[in-house]
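Secondary and tertiary structure notes
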Amino acid sequence: MAPPVQEKVGRNQQLLSRRAEAVPRAPFNVAPLFADRARGSRLWDVDGNEYLDFTGGIGTLNVGHNHPRVVDAIRHQLDRFIHTSWHVVMYEPYVRLAERLNALVPVPPPARTLFFNSGAEACENSIKIARIATGRPAVVAFERGFHGRTQLAMSLTGKVHPYTAGFGPFAPEVYRLPFEPFFGRHQRTDAQAAEEAREALDRLFSYHVEPESIAGVIMEPVLGEGGFYPVHQAALKVLVEACREHGIVFIDDEVQAGFGRCGALFACQRLGVQPDIMVLAKSLAGGVPLSAVTGRAELMDAAKVGGLGGTYGGNALACAAAHAVLDIMAEERLPERAEAIGAKVMARFRDLAKHQGCVGDVRGLGAMCALEIVDPATGAPDPGRAGKVVAGARERGLLIMTASGNVIRTLMPLTISDEDLQRGLEILAAAVAAAD
Ligand code: PLP
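What you are looking at is a predicted structure, and each value in this text was computed from that prediction instead of being measured. (Residues numbered from 1 in each chain as written. Predicted model: local features only at pLDDT ≥ 70, side-chain atom pairs only at ≥ 80, totals over all residues. Heavy atoms only, no water.)

1. Regarding helix 5 (residues 119-134)
Here helix 5 contains 16 residues, and its C-alpha end-to-end distance of 23 Å stays within 8% of the 22 Å for a straight helix at 1.5 Å per residue. All buried positions along helix 5 are accounted for by Gly 119, Ala 120, Ala 122, Cys 123, Glu 124, Asn 125, Ser 126, Ile 127, Ile 129 and Ala 130. Trailing helix 5 by a residue or two, Gly 135 shows a phi angle of about 70°, which is positive. (Helix = DSSP H or I, 4+ residues; strand = E, 2+ residues; numbered from the N terminus. Expected span 1.5 Å × (residues − 1). Buried < 20%, exposed > 50% of the residue type's maximum accessible area, 1.4 Å probe, protein only.)

2. A look at the site of the ligand
Taken together, Ser 118, Gly 119, Ala 120, Phe 146, His 147, Gly 148, Glu 220, Glu 225, Asp 253, Val 255, Gln 256 and Lys 282 make up all the residues around the ligand. Phe 146 places a main-chain nitrogen or oxygen 3.4 Å from a nitrogen atom of the ligand. Between the ligand and Lys 282 there is a distance of 3.1 Å, counted from an oxygen atom to a side-chain nitrogen or oxygen. In isolation the ligand has 390 Å² of accessible area, and contact with the protein removes 82% of it. (Near = heavy atom within 4 Å. Polar contact = N/O pair within 3.5 Å; in protein donor to acceptor, adjacent residues only side chain to side chain. Areas by Shrake-Rupley, 256 points an atom, 1.4 Å probe, with all protein chains shown as cover.)

3. With respect to the sheet that holds strand 14 (residues 401-403)
The pairing of strands in a sheet comes from backbone hydrogen bonds and takes either a parallel or an antiparallel form. Strand order across the open sheet formed by four strands is 11-12-15-14, with antiparallel pairing between neighbours. Only two strands of the sheet have a single partner each, and these edge strands are strand 11 (359-365) and strand 14. Neighbour-to-neighbour, the strand axes of this sheet turn through a mean angle of 30°, independent of strand direction. Across three bridges, the pairing between strand 14 and strand 15 (residues 407-409) is antiparallel. (Pairing = 2+ DSSP bridges. Axes fitted to C-alpha atoms, helices over the stretch in contact; angles between N-to-C directions.)

4. Description of the sheet that holds strand 8 (residues 249-253)
Strand order across the open sheet formed by seven strands is 4-10-9-8-7-5-6, with mixed pairing between neighbours. Strands with a single pairing partner mark the edges of an open sheet, and in this sheet they are strand 4 (111-116) and strand 6 (174-177). Going across the sheet, the axis of each strand differs from the next one's by a mean of 20°, ignoring polarity. With four bridges joining them, strand 5 (residues 138-142) and strand 6 adopt parallel strand pairing. By the bridge assignment for strand 6, Val 139 is matched with Val 174. The strands touched by helix 7 (residues 190-208) within the sheet are strand 5, strand 6 and strand 7 (214-219), with strand 6 carrying the most contacts at an inclination of about 150°. (Contact = heavy atoms within 4.5 Å.)

5. Remarks on the side chain of Ser 213
Among the secondary structure elements, Ser 213 is positioned in the loop between helix 7 and strand 7. Of the polar contacts made by the side chain of Ser 213, one reaches the side chain of Glu 210; its length is 2.4 Å. Apart from residues no more than four positions distant in its own chain, Ser 213 is found in contact with Arg 136, Pro 137 and Ala 138.

6. Things to note about helix 12 (residues 334-355)
Spacing of three or four residues puts side chains on the same side of an α-helix, whose turn is 3.6 residues. Relative to the 32 Å expected for 22 residues at 1.5 Å per residue, helix 12 spans 31 Å between its end C-alpha atoms, a close match to the ideal helical length. For helix 12, the complete set of buried residues consists of Leu 334, Pro 335, Arg 337, Ala 338, Ile 341, Gly 342, Val 345, Met 346, Phe 349 and Leu 352. The buried side chains of helix 12 occupy one side of the element, clustering within an arc of 165° when seen end-on. Exposed and facing more than 90 degrees away from the buried side of helix 12 are Lys 354 and His 355. (Arc of directions from axis to C-beta.)

Below you can see the structure in the form of structure tokens.
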């Protein structure tokens, strides 16, 4: 690992000026940097600066940048064909990938899988499937949930700024369950969480929408953009029971929490629940755009021919990459590795919380860990200070990002070496101390 980075000005600055002229400001950028190349958990910018990467392309790189097996699989497929469109001429890797996910994703068998491009697209399609299968219009999502930026996905997303403000009208028939008691910092016993979850469901069914009209509930087992809050297991169980009782499809959005990140291949396995439908994207194909909806066959088969799909969904290069990812996950035992990484990260975070006034709550599931930055005087969330931590880490050679403004989140590749992990945590600790 190179010594702490002295950011050189040069090509990054030139490209920033061109970016400002050519690209709208709306897509946010974590760092004022342009990538030159990346391998494993390291990235080099166009000025030759080296960084440890704890962002993993926003959680798309659980197997690391350019894993050689992913690169080989894509190359091999490139030599055969890039794209036929599944709708026009089918190909075996798509079918085999569906078979593999059907066997791995813990929905009650038999299962079926179909592929899309982005997390948002897969979330939208999971709702289409729940609606056509149940014949019901309503869907329920959570305060602070995030499911993407397209029309229905944005309507499901439970945060106004910056995701929905000014972008209405929104899709109708979306109802919301509260952040607490399902998520949140308040330490509840299992009995309290279960009781409050029942009350929240009673309120939903009494004052907002009758359960017989609800097609599905979509939930992230660990809120991603919403601040890395794992769901309270007892509240989750109550929710899943209510779904079963009322014939509501339980949709588990594992776009960010899935693919080994939380210490099992899928977070719901840690939480002991079986979804009816699971939505996958991000790390599924090692950085190549691919998303999937895997669900119970009777739901997945409800739509008529032509009702679901898309030109690029399950593109051949993406399927090839995903096969390599599944092999790597199993052979390198990355879900177990996530648990070991998470233990190290949480030990360091707890230590920081003890010694730094600007560190509030720390929490996590597997390697999906969060460190809240707060105002030391008031304990209030402090996004400005969190921005300083991110910038300070970058100056010292670590790329890291926030969620929900003030929450530092870890999305490092699960292939990271102990040495790089340790070094990244030291850099982060130094950046936190400097911002305290
Ligand atoms: N669902 C979750 C839980 C996510 O974290 C995201 C993206 O961060 C999405 C859906 C949307 O995915 P995409 O950005 O690929 O559309």
